[in-house]
Amino acid sequence: MADRVTVIGWDGSPLTSAARSALSAATLVAGAAHHLALPEVPPTAERIRLGSLGLAARRIAGHRGTAVVLADGDPGFFGVVRTLRAPEHGLEVEVVPAVSSVAAAFARAGMPWDDAQVVVAQPRTLRRAVNVCRAHPKVAVLTSPGAGPAELALLLDGVHRTFVVCEELGTDREQVSVLTSDKAADHNWRDPNVVIVIGGAGQTPSADPAWLLGQSAAHGADRGWARPQTGAGGGESALLHAAQLARLGPRTGDLVWDIGTGSGGVAVDAAALGAAVIAVDSDPGAGERVTAAARKRGVQLQFVAGRAPHVLENLPEPDVVRVGGGGAEVVAAVADRRPERIVSHASTRDEAEAVGRVLTEHGYDVECALLQAVGLDPRTWAEQDRSVVFLLAAQRPVTR
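It should be emphasised that the depicted structure is a prediction, and the values quoted were computed from it without experimental measurement.

**As for the nonpolar core**
Okay, so step 1: Counting residues in each nonpolar core, the largest one holds 29 residues, and the members touching the most others are Trp 257, Ile 259, Leu 312, Val 323, Val 334 and Ile 342.
Okay, so step 2: When contributions to this core are tallied by element, the ones reaching two or more residues are β11 (255-259), β12 (276-281), β14 (320-323), α12 (327-336), β15 (341-346), α13 (349-361) and β17 (383-395).
Okay, so step 3: It is α12 that contributes the most residues to this core, five residues altogether.
Okay, so step 4: Once residues lying within four places of it in the same chain are set aside, the contact partners of Ile 259 are Val 280, Ala 308, Leu 312, Val 321, Arg 322, Val 323, Gly 324, Gly 325, Val 330 and Val 334.

Right, here's the structure in full:
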């Protein structure tokens, strides 16, 4: 195992005395090409071009001598420190940090970032990163080849955002570009880059001090889930909405379809849990109700007017789906898209059996329950209303 491993962050500014001292004693130096070209790297040191971090970590662990790893920005923030300290490598490291690329990007933009979400976009996680950009008004995206500004823009098709693209921060070729998301796909962007994605009709800016990273000061001021609502799809289904949310389990990085959204109760709650949401309804007036509810809650979502199943054909792939209307035909169209979870409900046993049969035929594990709710007047304890409904929840089997 290496006698000593020092991880040095680099942000384009001159290296600190601690960093220069560690480099001068290094017998092995790992980093990207621009790191290995730094004049402080000893000419006699073994050099490793960082590609696979796991492979580099194994070589460092087997090295006899003093190793230095150079990385852009703060190596402890979505950086190499996590990989080097992983149990399979067992490396104890000293860290000399620099300004993170995210902090540098927001500094170039002149914006605060304690209320921003920060995500890493790689080809296998790109869709989830895009969903975070759909759901939140301010997101910093640490990109990678094949998952850069152009790919982000293509997957955000139909959702307007502003991109601040920061290329090669800290170098002589640094460039900061501000453009709308629909224009970003037409450019060839240089790596590495950070993209700040801003926009949407979510939370209004607050002058109050933030206390939790990634949230505005006003976030969460409106407590509770599945609360009774007035208007279409309202109070009589609040407890059903609560059960549906519990079975859906929406979370950050997910895309939720809420088909037959009505007043948007489930859609808004799913967005408040951090998921990206597309609310679908054949009633164009539902768009105004859902948008108003989202604005009041301080979240953002996308409304699509149209009748399922046809309107679903061009929507991006969902993770979880609530079918609030359309019956077995719509459920079948949703199941064809293979989301992880689907929830629906039926007012009669025949309808419930039809929906359950479709889900089973599509290979889902299906749960069905009969829910009965009775509203009581707390002053007299007299019955006010009663609802009985079949809840169907389906989960795609996990493939090993």
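**Focus on the pairing of β11**
Okay, so step 1: In terms of residue burial, β11 counts as a mostly covered element, since five of its five residues are buried.
Okay, so step 2: Burial along β11 is two-sided: Leu 255, Trp 257 and Ile 259 and Val 256 and Asp 258, pointing in opposite directions, are all buried.
Okay, so step 3: Bridge count between β11 and β12: five bridges; the pairing is parallel. Residue Leu 255 lies in a different strand from β12, and its bridge partner there is Ala 276.
Okay, so step 4: What joins β11 to β12 is helix α10 (residues 265-272), and the crossover it makes is right-handed.

**Some details on the sheet that holds β17**
Okay, so step 1: Across the sheet, seven strands lie side by side as β13-β12-β11-β14-β15-β17-β16; this open sheet has mixed pairing. Here the strands that pair on one side only, and so sit at the sheet edges, are β13 (302-305) and β16 (365-376). On average, each strand axis in the sheet is tilted by 20° relative to the strand beside it, whichever way the strands run.
Okay, so step 2: Sheet analysis places β15 next to β17, joined by six bridges and oriented antiparallel. Each residue of the ladder has a partner; that of Ile 342, found in β17, is Ala 394.
Okay, so step 3: Lying over the sheet, helix α6 (residues 126-135) contacts β11, β12 and β13, oriented at roughly 70° with respect to β12.
Okay, so step 4: Helix α9 (residues 238-248) contacts β14, β15, β16 and β17 of the sheet and is inclined by roughly 160° relative to β15.

**Some remarks on the packing of aromatic side chains**
Okay, so step 1: Per the stated rule, a full pass over the model turns up three aromatic pairs.
Okay, so step 2: Residues Phe 77 and Phe 78 carry aromatic rings whose centres are separated by 5.1 Å and whose planes lie at 75° to one another, so their mutual orientation is edge-to-face.
Okay, so step 3: Here Phe 77 and Trp 113 contribute two aromatic rings whose centre-to-centre distance is 6.3 Å and whose plane-to-plane angle is 70°, an arrangement assigned as edge-to-face. Of the two residues, Phe 77 is situated in the loop between β4 (66-72) and α4 (80-84) and Trp 113 in the loop between α5 (101-109) and β6 (117-120); the sequence distance between them amounts to 36 residues.

**With respect to the pattern of salt bridges**
Okay, so step 1: Throughout the structure, instances matching the rule amount to 20 salt bridges.
Okay, so step 2: For Arg 59, the salt bridge identified is with Glu 46, shortest N-O distance 2.7 Å. With Arg 59 in helix α3 (residues 53-61) and Glu 46 in strand β3 (residues 46-49), the pair connects residues that are 13 residues apart, well separated along the chain.
Okay, so step 3: You can call Glu 46 partly exposed: its relative accessible area is 32%.
Okay, so step 4: Through salt bridges that share partners, Arg 127, Arg 128, Arg 251, Asp 254 and Asp 319 make up one connected network.

**Let's talk about a nonpolar patch on the surface**
Okay, so step 1: A cluster of nonpolar side chains, contributed by Val 374, Leu 376 and Trp 381, occupies part of the molecular surface with about 310 Å² of accessible area.
Okay, so step 2: With respect to the helices, strands and loops of the structure, Val 374 is situated in strand β16.

**Here's the deal with the sheet that holds strand β7 (residues 138-142)**
Note on sheets: strands pair through backbone hydrogen bonds, and any given pair is parallel or antiparallel.
Okay, so step 1: Spatially, the five strands line up as an open sheet ordered β6-β7-β10-β8-β9, and their pairing is mixed. One side of each edge strand has no neighbouring strand; the edge strands of this open sheet are β6 and β9 (175-180). The average undirected angle you get between the axes of adjacent strands in this sheet is 20°.
Okay, so step 2: Inspection of the sheet shows strand β8 (residues 162-167) paired to β9 by six bridges, in the antiparallel sense. Across the sheet, residue Val 164 finds its bridge partner in β9, namely Val 178.

**Some points on α13**
Okay, so step 1: Compared with the 18 Å implied by 1.5 Å per residue over 13 residues, the 18 Å span of α13 between its first and last C-alpha is a close match.
Okay, so step 2: Among the residues making up α13, those that are buried are Ala 352, Val 355, Gly 356, Val 358 and Leu 359. All buried residues of α13 project into a common sector of 160° when viewed along the axis, lining one side. For α13, exposure combined with an orientation more than 90 degrees from the buried face picks out Arg 349, Asp 350 and Glu 361.

**Description of the environment of Val 176**
Okay, so step 1: With respect to the secondary-structure elements, Val 176 resides in strand β9.
Okay, so step 2: Separated by 20 residues in the primary sequence, Val 176 and Ile 196 have C-alpha atoms spaced 11 Å apart.

**As for α5**
Okay, so step 1: Restricting attention to buried positions, one finds in α5 the residues Val 102, Ala 104, Ala 105 and Phe 106.
Okay, so step 2: Along its buried surface, α5 packs onto β6, β7, β8 and β10 (193-198).
Okay, so step 3: Downstream of α5 by one or two residues, Gly 110 has phi in the positive range, about 65°.

**Overview of the side chain of Asp 269**
Okay, so step 1: When you line up the elements, Asp 269 lands in helix α10.
Okay, so step 2: Owing to a relative accessible area of 4%, Asp 269 belongs among the buried residues under this scheme.
Okay, so step 3: Within polar-contact distance, the side chain of Asp 269 engages the backbone nitrogen of Ala 226 at 2.6 Å.
Okay, so step 4: Of note is the side chain of Asp 269, whose polar atom sits 2.7 Å from the side chain of Arg 297.
Okay, so step 5: Apart from residues no more than four positions distant in its own chain, Asp 269 is found in contact with Gly 224, Trp 225, Ala 226, Leu 245 and Arg 297.

What counts, and where the lines are drawn
- Residues numbered from 1 in each chain as written.
- Predicted model: local features only at pLDDT ≥ 70, side-chain atom pairs only at ≥ 80, totals over all residues.
- Heavy atoms only, no water.
- Core = buried A, V, L, I, M, F, W, Y, C linked by side-chain atoms within 4.5 Å.
- Buried < 20%, exposed > 50% of the residue type's maximum accessible area, 1.4 Å probe, protein only.
- Helix = DSSP H or I, 4+ residues; strand = E, 2+ residues; numbered from the N terminus.
- Contact = heavy atoms within 4.5 Å.
- Pairing = 2+ DSSP bridges.
- Right-handed = clockwise from strand over helix to strand, strands pointing away.
- Axes fitted to C-alpha atoms, helices over the stretch in contact; angles between N-to-C directions.
- Phe/Tyr/Trp six-rings, centres within 6.5 Å; stacked < 30°, edge-to-face > 60°.
- Salt bridge = Lys/Arg side-chain N within 4 Å of Asp/Glu carboxyl O.
- Patch = residues over 30% accessible without salt bridge, like charges linked within 9 Å, V, L, I, M, F, W, Y side chains within 5 Å.
- Areas by Shrake-Rupley, 256 points an atom, 1.4 Å probe, with all protein chains shown as cover.
- Expected span 1.5 Å × (residues − 1).
- Arc of directions from axis to C-beta.
- Polar contact = N/O pair within 3.5 Å; in protein donor to acceptor, adjacent residues only side chain to side chain.

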